[in-house]
Amino acid sequence: MRVDGNYGSHTSYEPNSRGAWREQPDFGEPPLKISGDAARWDYPCDDADYFEQPGKLFRLMTPEQQEALFGNTARALGDAPREIKLRHIRHCAKADPAYGAGVARACGIPESEI
């Protein structure tokens, strides 16, 4: 069990807007000869569609469920910096424009800023 405070309030994920925990390819495992070269899988090159599935889920929701999602998301974003809220809203809009607009509205951010 961790007893070091799990880095407290420091950012512990990457990518992030603070420049913390940058990927360090120089420390990756060297390729291993199997039946060809094996190296670290660069998932963004092969898995670049992050928005289709959440968009489909959003469109399956009833209007009431969508409104609950907007409110829950706005409360979860809480007092996050505005640029973080805008980044999340823009990601929601990539899944579905109505999703982004609803979260923006719940956060009190004009849709024109998306």
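First things first, this report covers the structure right here in the doc. (Residues numbered from 1 in each chain as written. Predicted model: local features only at pLDDT ≥ 70, side-chain atom pairs only at ≥ 80, totals over all residues. Heavy atoms only, no water.)

Turning our eyes to something else, we now look at the layout of surface pockets. Its volume calculated, the largest pocket comes out at about 580 Å³. Around the largest pocket, the lining is made up of 21 residues, and of these Tyr13, Pro15, Asn16, Ser17 and Arg87 lie nearest the centre. If you list the elements that add at least two residues to the lining of the largest pocket, you get helix H1 (43-46) and helix H4 (82-95). A per-element tally of the lining of the largest pocket places H4 first, with five residues. Across the lining of the largest pocket, the residue classes tally to seven nonpolar, seven polar and seven charged. (1 Å grid on protein atoms, 1.4 Å probe; cavity = no way out; pocket = protein on both sides within 12 Å on 5 of 7 lines; lining within 4 Å. Points joined across faces, edges and corners; volume = space filled by probe spheres on them. Helix = DSSP H or I, 4+ residues; strand = E, 2+ residues; numbered from the N terminus. Nonpolar A, V, L, I, M, F, W, Y, C, P; charged D, E, K, R; others polar.)

Under the defined criterion, the tally for this structure stands at four salt bridges. Of the charged contacts, one joins Glu67 and Arg105 as a salt bridge, the two residues approaching to 3.1 Å between their closest N and O atoms. One end of the pair, Glu67, is in helix H3 (residues 63-77); the other, Arg105, is in helix H5 (residues 97-107), and 38 residues separate them in sequence. The closest approach of N and O atoms between Glu113 and Arg82, which form a salt bridge, is 2.9 Å. (Salt bridge = Lys/Arg side-chain N within 4 Å of Asp/Glu carboxyl O.)

With that settled, consider the side chain of Asp96. Here Asp96 shows up in the loop between H4 and H5. At a separation of 2.8 Å, a polar atom in the side chain of Asp96 contacts the main-chain amide nitrogen of Ala98. For Asp96, the contacting residues outside a window of four places in its chain are Phe58 and Arg59. (Polar contact = N/O pair within 3.5 Å; in protein donor to acceptor, adjacent residues only side chain to side chain. Contact = heavy atoms within 4.5 Å.)

Moving on to the packing of aromatic side chains. Under the defined criterion, the tally for this structure stands at two aromatic pairs. Between the aromatic rings of Phe58 and Phe70, the centroid separation amounts to 5.9 Å while the plane-to-plane angle is 35°, which identifies the pairing as tilted. Linking Phe58 in helix H2 (residues 52-60) with Phe70 in helix H3, this pair joins segments that are 12 residues apart in sequence. Ring centres of Phe58 and Tyr99 lie 4.9 Å apart, and the angle between their planes is 10°; this geometry places the pair in the stacked category. Within this pair, whereas Phe58 is found in helix H2, its partner Tyr99 is found in helix H5, the two being separated by 41 residues in sequence. Judged by its relative accessible area of 3%, Phe58 falls in the buried class. Ring pairs connect the aromatic residues Phe58, Phe70 and Tyr99, which therefore count as one cluster. (Phe/Tyr/Trp six-rings, centres within 6.5 Å; stacked < 30°, edge-to-face > 60°. Buried < 20%, exposed > 50% of the residue type's maximum accessible area, 1.4 Å probe, protein only.)

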